[in-house]
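Observations on chain architecture
One-letter residues, chain by chain:
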Amino acid sequence: MATCYRHPSRETGVSCSNCGRPICPDCMTTTPVGMRCPECAKQRTPVKRLRDMAARPRAAYALIAINVVAFLTEQGQGSLTGSAIHGKVVEEGVLDRFDISVHHQYWRLLSSGFLHVNLLHVGFNMYLLYLLGTMLEPAIGTSRFVAIYFTALLAGSFGALFATAAASLGASGAVFGLMGAAVVELRARSVMESGIGGLIIINLIFSFTFSNISVGAHIGGLIGGALAALAIRLADERKAPALGLLACVALSAAAVAGAIAVAGARGTGIA
């Protein structure tokens, strides 16, 4: 594994798109043509570091606001920590095979990612969205961040329908997708030091340990987000950023098609 030319003790898998020298996250400067080292970046733009970028994660804040507003509109909350929820918003937005396959209510693939069971559920997901959003969005840009988020959300819906017949809801699939994207961006050394690696491990343990957690949504979102981030990175390295966004659209379309197929087959008892 190569080491950063400015920090020899730090291993990295990223190189400057201009001079080719290996650089660590603290030395990366995001440009339209890929990551650049501080020396090459001084020619056109000031150095932007992953930790202290000034750009505000507006999309992340907007997504948090939408989730909170959606939670507040849910009717008949049982308790702050309970799981008994009712009401029109949840009934029309929760994800389940029957309504997808029989009633063709495909919006549930998206709407379910903005609904939550209780205050703990929405609070924990929004906390993670805040942490990951403030890290990722300034580093990769708003459009890329949004593309990864919704690709992961739809991939999580596909995973949830594939794994279980039970109804599901929550932003955890999209949040796991942002974790996968963070792994792609930070690469080997920084994944564990940044805390993202431990965060993924802890959440995966929770997913397999506690009941009433959609493991399929978590795994599907994690894979979808990682694939979306990888596609964007490869497109940027080839100086064709539009291809990365098109790849996210393709991944999202594949997730939707897969979800509809799974709901149709398993919801009607074919498989």
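Up top is the structure.
From a predicted model like this one, the values you see are computed outputs, not experimental measurements.

**Considering the state of the cysteines**
The full count for this structure, using the stated rule, is 0 disulfides. In this model C19 remains outside any disulfide bridge; the closest cysteine sulfur is found in C16, 3.6 Å from its own. This cysteine, C37, is not joined by any disulfide, and C40 carries the nearest cysteine sulfur, 3.5 Å off.

**Re the nonpolar core**
In this structure, L129, F145, I148, Y149, L178 and M179 are the most contacted members of the largest nonpolar core, which totals 39 residues. Elements supplying a minimum of two residues to this core: helix 2 (58-73), helix 6 (119-140), helix 7 (142-163), helix 8 (172-193) and helix 10 (215-237). The next biggest cluster of nonpolar side chains, apart from the first, holds 11 residues, and it includes I100, L109, A217 and A259.

**Here's the deal with the packing of aromatic side chains**
If you walk through the whole model with that rule in mind, you get 4 aromatic pairs. Judged by centre distance (6.3 Å) and plane angle (40°), the ring pair of F114 and F150 falls under tilted. Residue F114 is found in the loop between helix 5 (108-111) and helix 6, and its partner F150 is found in helix 7; the two are separated by 36 residues along the sequence. By relative accessible area, which is 11% here, F114 ends up buried. Look at F158 and F162: their rings are 6.1 Å apart centre to centre, the planes differ by 45°, and that puts the pair in the tilted class. Remark: F162 and F158 occur in helix 7; sequence separation between them is 4 residues, near one turn of the helix. Aromatic rings pair up to connect F114, Y149 and F150 into one cluster. The side chain of R21 reaches across the aromatic face of Y5, ending 4.1 Å from its centre.

About the cut-offs
- Residues numbered from 1 in each chain as written.
- Predicted model: local features only at pLDDT ≥ 70, side-chain atom pairs only at ≥ 80, totals over all residues.
- Heavy atoms only, no water.
- Disulfide = S-S within 2.5 Å.
- Core = buried A, V, L, I, M, F, W, Y, C linked by side-chain atoms within 4.5 Å.
- Buried < 20%, exposed > 50% of the residue type's maximum accessible area, 1.4 Å probe, protein only.
- Helix = DSSP H or I, 4+ residues; strand = E, 2+ residues; numbered from the N terminus.
- Phe/Tyr/Trp six-rings, centres within 6.5 Å; stacked < 30°, edge-to-face > 60°.
- Lys NZ or Arg CZ within 6 Å of the ring centre and 35° of its normal.

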